[in-house]
Amino acid sequence: MISRAARVESLLSAAVVGWEPVPPWSVARARLGAGGSAIVKWTRPHVLQARDDGRRTRTEVAALRFLADDLGLGLAPRVLAADLDGGLVVLEDLSPRTPLDGLLHADGPAPHAVRLAAFGRARGTLSAATAGRAAAYYARRAALGPVSPAEDRAGHLAGHHERGLRASADFGAPVAGRAADELAAAVAELREPGPFLALSNGDPESNNVLVHAAGEPDARLIDFEFAGYTHCLHDAVCLHVPGPGWLSVADPGPAAAYRRALAAGVPEAEDDHRYGFGLAAACLWYALVRAERLPALDARPPGDDSRAQLVATLEAAAGVAKGALPHLAGWADRTAGLLRRRWPDADRDLGGLPPYTPRRRVPDRA
């Protein structure tokens, strides 16, 4: 069996003199005999995709080439070479940039305000630059293999919010009445984004943005395996509602930077009503996706931060949405209250936490 290093040598016509795995991902840094380095990614079964038929590699290659070659954007690494049938791609090495989430975990947000703003700006710029260019992207993506724009628009988490609905109903918090009507309107907004249809990498969290630890406040986006055209305000959720790694992300700077950058290419982002409704829909949809985990969290021991994290997610989403979707926001607040009573260990002053307070992880739990 040919080693990955040998495959990289063949693709680049350059000797690989060093191989440094980048755990826990299927990623390595290849040191090249001609000088410099490259990042090597290969596919393995993903928790959100039972089988691996090369779609993720083809999607990443198409998205990155679309950004660099078709749009001339320097927001992401360039593709240096790819073995699509073998599920391997060689990318520009963006070091010494480092993942933003690692800096936030180590230092908190205060020393990294400019990098957080760069994060928000990069996400907004991606949406602004790609809005209205779906046909060009899908022409490039289709040349590499079958693709479904409708599935991309629904997002790779499609179906999870339905499971979240069932789980919350089982816990005594069904979405019903006027809240159900608002949910239908929210889902309709997300399925038909109109001017907000733009390319997303599919995982906008802070672990997928690379920044310099000091100095230049730029940002580069990585991990485009689940890229596709979808409602761009899905990408803003992580700036308002804590993702899996955090108990709080309440920092207005990155959110404001995102909206300003988005408005440069999508003028509708300046309309408070239109923008607010789309953002509310995306935040509450995400809260429902996370509610799918209710049975698993209920089985965990008291004190596990993942319980408080779900409460924080529901309450933050409700705070964003209370003006645009008041009844669905009320459901999220009531569900958070129910969980605070069910899980006394999660009944904490989460609103008083500073931005980017990390969730304490229990080993082997997502």
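Counting starts from 1 at the beginning of each chain's written sequence and moves along it residue by residue. Confidence filtering applies because this is a predicted model: local features only for residues at pLDDT of at least 70, side-chain atom pairs given and counted only at 80 or more, and all residues used for totals across whole chains, interfaces and linings. Hydrogens are left out, water is left out, and the side-chain values use all remaining heavy atoms of the structure.

(A) Layout of the pattern of salt bridges. For salt bridges, the criterion is a side-chain nitrogen of Lys or Arg within 4 Å of an Asp or Glu carboxyl oxygen. According to the stated counting rule, one finds 22 salt bridges in the structure shown. Measuring nitrogen to oxygen at the nearest pair gives 3.1 Å for the salt bridge that ties E225 to R56. Separated by 169 residues along the polypeptide, E225 in the loop between β9 (220-221) and β10 (228-231) and R56 in helix α2 (residues 55-70) bring together distant segments of the chain. You'll find E225 and R56 in the same group, each marked buried. One salt bridge in this structure joins D235 and R123, with 3.0 Å as the shortest N-O distance. With D235 in the loop between β10 and β11 (246-248) and R123 in helix α4 (residues 113-130), the pair connects residues that are 112 residues apart, well separated along the chain. Judged by relative accessible area, D235 falls into the buried class, the value being 1%. By definition, any uninterrupted DSSP run of H or I lasting at least four residues is a helix, any uninterrupted run of E lasting at least two residues is a strand, and each is numbered from the N terminus. Each residue is placed in one exposure class: buried if its accessible area under a 1.4 Å probe, protein chains only, is under 20% of its type's maximum, exposed if it is over 50%, and partly exposed if it falls in between.

(B) Just the pairing of strand β4 (residues 79-83), in detail. Pairing between β4 and strand β5 (residues 88-92): 4 bridges, direction antiparallel. Of the residues in β5, the one forming a bridge with D83 is L88. Linking two consecutive strands that pair antiparallel, namely β4 and β5, is a turn of 4 residues; a positive phi of about 70° is found at G87 within it. Pairing between two strands is assigned when DSSP locates at least 2 bridges connecting them.

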